[in-house]
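Topology and contacts: notes
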Amino acid sequence: MAKLYVEAVPPADMNKNTEWFMYPGVWTTYILILFFSWLLVLSVLGCSPGMAWTIVNLFHFAITYHFFHWKKGTPFADDQGMYNTLTWWEQMDNGKQLTRNRKFLVVVPVVLYLIASHTTDYQHPMLFLNTLAVMVLVVAKLPNMHKVRIFGINAGN
Amino acid sequence: MVRLPYTTALTTLFSYGLLFAFGQLRDLFRKLLDWFRSKDLKGYAPICLGLEDFYVRRLYLRIQDCFGRPIASAPDAWIDVVERYSNDNNKTLHRTSNSTKCLNLGSYNYLGFAAADEYCTPRVIESLKKYSPSTCSVRVDGGTTQLHAELEELVARFVGKPAAVLFGMGYVTNSAIIPCLIGKGGLLISDSLNHNSIVNGARGSGATVRVFQHNSPSHLEEVLREQIAEGQPRTHRPWKKIIVIVEGIYSMEGELCKLPEIIAVCKKYKAYTYLDEAHSIGAIGKSGRGVCELLGVDPADVDIMMGTFTKSFGSCGGYIAASKEIIQYLKYTCPAHLYATSMSPPAVQQVISAIKVILGEDGSNRGAQKLARIRENSNFFRSELQKMGFEVLGDNDSPVMPIMLYNPAKIPAFSRECLRQNVAVVTVAFPATPLLLARARICISAAHTREDMIKGLEVISKVGDLVGIKYFPTEPPKLAKEAHKKPVAVILP
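These numbers were taken from a predicted model, which means no experiment stands behind them.

Reading the values: rules and limits
- Residues numbered from 1 in each chain as written.
- Chains lettered and ligands numbered in written order.
- Predicted model: local features only at pLDDT ≥ 70, side-chain atom pairs only at ≥ 80, totals over all residues.
- Heavy atoms only, no water.
- Helix = DSSP H or I, 4+ residues; strand = E, 2+ residues; numbered from the N terminus.
- Buried < 20%, exposed > 50% of the residue type's maximum accessible area, 1.4 Å probe, protein only.
- Domains from an automatic or database assignment.
- Contact = heavy atoms within 4.5 Å.
- Buried area = accessible area lost by both parts, 1.4 Å probe.
- Salt bridge = Lys/Arg side-chain N within 4 Å of Asp/Glu carboxyl O.
- Expected span 1.5 Å × (residues − 1).
- Pairing = 2+ DSSP bridges.
- Axes fitted to C-alpha atoms, helices over the stretch in contact; angles between N-to-C directions.
- pLDDT = per-residue confidence, 0-100.
- Disulfide = S-S within 2.5 Å.

**Let's talk about the overall build of chain A**
- Counting secondary structure elements, chain A contains five helices and one strand.
- Tracing chain A from N to C terminus, the helices and strands come up as β-α-α-α-α-α.
- When its C-alpha atoms are laid out on the principal axes, chain A stretches across 50 × 50 × 25 Å.
- Relative to its full complement of 157 residues, chain A shows a buried share of 41%.

Structure below.
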C-alpha cells in the first residue's frame, strides 16, 4: 500500500456544509460508491452490464441533481441562513469557479456517460436518456450558470 | 494537523453518506405519510426552513444520550451522572432517580477548585451571607460591590495588565466586547478554529471578518499583507483598525497558540492583538499566568487579554484586561457592563480566593502544588495514551487532550461503553469539529490522583480495543522502559 497515512490539514473554509469535500479520500470514496452500486445493481437485477451502468448513471443524475443543484441552504441552523439562496454547488469552494474539486465533479458524469454508452453499444433508448442526463449535469455546473435560475425555477425560498 | 489512515477517511465518508441517505429516506417517508395531514399554520411562517434542522433531527437525535448528561454532584474528580432511559429510540429521554459515580474526565476543572475547597468555600459561604446571591442590579447602578472592585484589581495584577473589567458570563464577554472595540470599516482577522463566541462577536460588530489558517503565522502575514494592500471592500480606503484574534489553548485541539510569532507579525503590520485565554489562564505557566508566561511573551505586547473564570477558578464569568484607557472606554460603552446584571458576589469571592491560593497569598503552597500536579498529570496521561496507540492531539503541558475517533459510529460506542464502565467522557462531533474529525475530549484536573488516572487509562484502553480507535502502532512495554524516545506517532504542532 503506497500511502498508509494521510495528513488532514483543516481547511480555512467557514462553510461547514462544503468543507468536508476538501479532505483527503473524498474523490476515492465517490468513485468507489459508484462502482459498488454498479455491482449491487448487477447482482440484484441480474441485467446486462450496460443496462446496469445506465441505471447507475440515471440514479446518479437524479441524486446529484437533487442535492447539488436543487436543494438550497445547509442542513444546520448555525450559520443563520447565510446560504439559504445558494445550492450546494454554488456554495462549494466559497463560490470560486474552476477549482480542482469542481473540475473533478464535472468529469465524473462525463466519464459515467462514456462508460454507460459504450457498454450499451450506443443503442436507443438508453443513449437518449444517458445523453440527456450528462447534458443537464454539465450545463448546471458551468461557471456561467453560477446563481442563474432559468425561468425563475427554484428561485423561491 | 491530524494524521489518519487512508481507509479510515474512506470509511468515515462512507458512513456519513449512509447516515445522510437514511435521514433523507426517512424524511421522504415522513413527507409522504403527512401528505394529507392539514398544516394549519394560521398564516405564520414555519419555524424551520427546508433542510435547516436536518442534522439535528436525523443525526444528532439518534445519539442524543451521549450529550447533555445531567449530573447530580459537584464536578470533582468523581462525579454522579444521572441515568436516563428512552422509550422512542432517543427522541425523548427521561431521567430516573438513580445516579452512578463515574470518573470525571470531561469537566474543565483544571485546578480542582470545582468541589469544596478548604480555603475558598468558607469564604464563599461568608460572602453569600453578607452580600446575598445576587446584587439585583447592573454594574453602573448598584451592582458594584467591594468584591467586584477587589477582583478587578486582583485580575489585572495576576494577568500583568494595568486594569481589568468583569462580566457575568464568559460567552458574553467575547460577543459583547468585540462589537464595542471595532465597527464598520475595521478588519477582524481570526483563527479558523476560534470559538463560537468570538465568531458571534465578530458577526455582530459589522466589521469585515477574514480567517487565517489555524496557528500559522505565515498565512496570517499573507492575509494581513493582502488586506492592507486592498483596503476596505469596494471603496479601497485604508482600514480604520485591524484586530487579530487568537486563543491561548484551542479547546478542541488542545494545542497552544504560536503566540511569539503571531505577536511579531502583528507588530510588524501594526495590527492590534486580542488573546482569548479561556482555557489557558490558571492552568498553564509556572505560576498559572497563562500562555504568555509559558511562551515567554510580555503581557504588554498583547493589547487585549480576555479570560473566563469557569475553567480554572471554579466560578462563572469572564474578564477583559487591557490598558486603563481601554477599560475605562469599555465601562462606558459595553452593553454587558451597562445593562447586564453584575457577577454574583459569592462567585466573585470564589475567584478572589482561588487566585489568592494560586498566587500563594493564602499562606500555603497549595497553589504551586496544584500547578505542578496538573502539569505532571497532563504529561503522564498524554504519554500513556500515546504509548497505547491512540491518536492524541495537543501539545505537551496542555491539560486538554482530544482522542481522535473519526467514524460517526464510534462516537456513541465509545461514549456509552465508557459510561458502562463508570468513566464519564465528553465526545464531540460535527458541527463543533470538522466533519471527518470527531473526537473524545479528555480534560485532566489537578484533583485527579495517580490511581484515578490509571483506572481511567485502563478503561480507555479496553474500550479503545473494543471500538477500534488505536490507529497507531502501540509501543511494546519493554522497549518503553529501555528507551524514553517519542512513540511512532508524531503530533505536529
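**Points about the domain arrangement of chain B**
All names here are of chain B.
- Considered domain by domain, chain B is made up of domain 1 (8-17 + 46-104 + 368-467) and domain 2 (119-359).
- Each of domain 1 and domain 2 was reduced to a C-alpha centroid, and the two centroids are 28 Å apart.
- Taken together, the contact pairs 17 residues of domain 1 with 17 residues of domain 2.
- Roughly 1300 Å² of surface becomes buried between domain 1 and domain 2 when both sides are summed, with 59% attributable to carbon and sulfur atoms.
- Taken together, the links from domain 1 to domain 2 amount to one salt bridge.

**Here's the deal with helix α4 (residues 146-159) of chain B**
Residues and elements named next belong to chain B.
- With 14 residues, α4 extends 20 Å from end C-alpha to end C-alpha; this agrees with the ideal 20 Å at 1.5 Å per step.
- Of the positions making up α4, those classed as buried are Leu147, His148, Leu151, Glu152, Leu154, Val155, Ala156, Phe158 and Val159.
- Looking at the buried side of α4, the elements it contacts are α3 (120-131), β4 (163-167), β9 (304-308), β10 (318-322), α10 (324-333) and α12 (345-359).
- One or two steps after α4, the chain reaches glycine 160, where phi turns positive at roughly 100 degrees.

**Section: the sheet that holds strand β5 (residues 187-191) of chain B**
Residue and element names in this part refer to chain B.
- Read from one edge to the other, the open sheet built from seven strands follows the order β4-β10-β9-β8-β7-β5-β6, with strand pairing classed as mixed. The sheet is open, and its two borders are formed by β4 and β6 (208-212), each paired with just one other strand. Taking the axes of each pair of neighbouring strands and ignoring which way they run, one obtains an average angle of 20 degrees across the sheet.
- Strand direction decides the pairing type here: strand β7 (residues 242-247) and strand β8 (residues 272-276), joined by five bridges, are parallel. Note that in β8 the partner of valine 246 across the bridge is leucine 275.

**Concerning the confidence of the model for chain B**
Residues and elements named next belong to chain B.
- Averaged over all residues, the pLDDT of chain B equals 89, while 96% of them reach at least 70.
- Looking across chain B, the model is least confident in helix α16 (residues 477-482), with a mean pLDDT of 50, and most confident in β8, with 95.
- Confidence drops under pLDDT 50 across residues 479-493; counting only partners more than four residues distant or on other chains, this segment forms 20 contacts.
- Two summary scores accompany this predicted model of the complex, namely pTM at 0.85 and ipTM at 0.85.

**Here we look at the state of the cysteines**
All names here are of chain B.
- According to the stated counting rule, one finds zero disulfides over all chains in the structure shown.
- Free cysteine cysteine 334: the closest other cysteine sulfur is in cysteine 180, separated by 4.2 Å.
- The thiol sulfur of cysteine 418 is not disulfide-bonded, and the nearest other cysteine sulfur, from cysteine 102, lies at 10.0 Å.
- Judged by relative accessible area, which is 0%, cysteine 418 ranks as buried.

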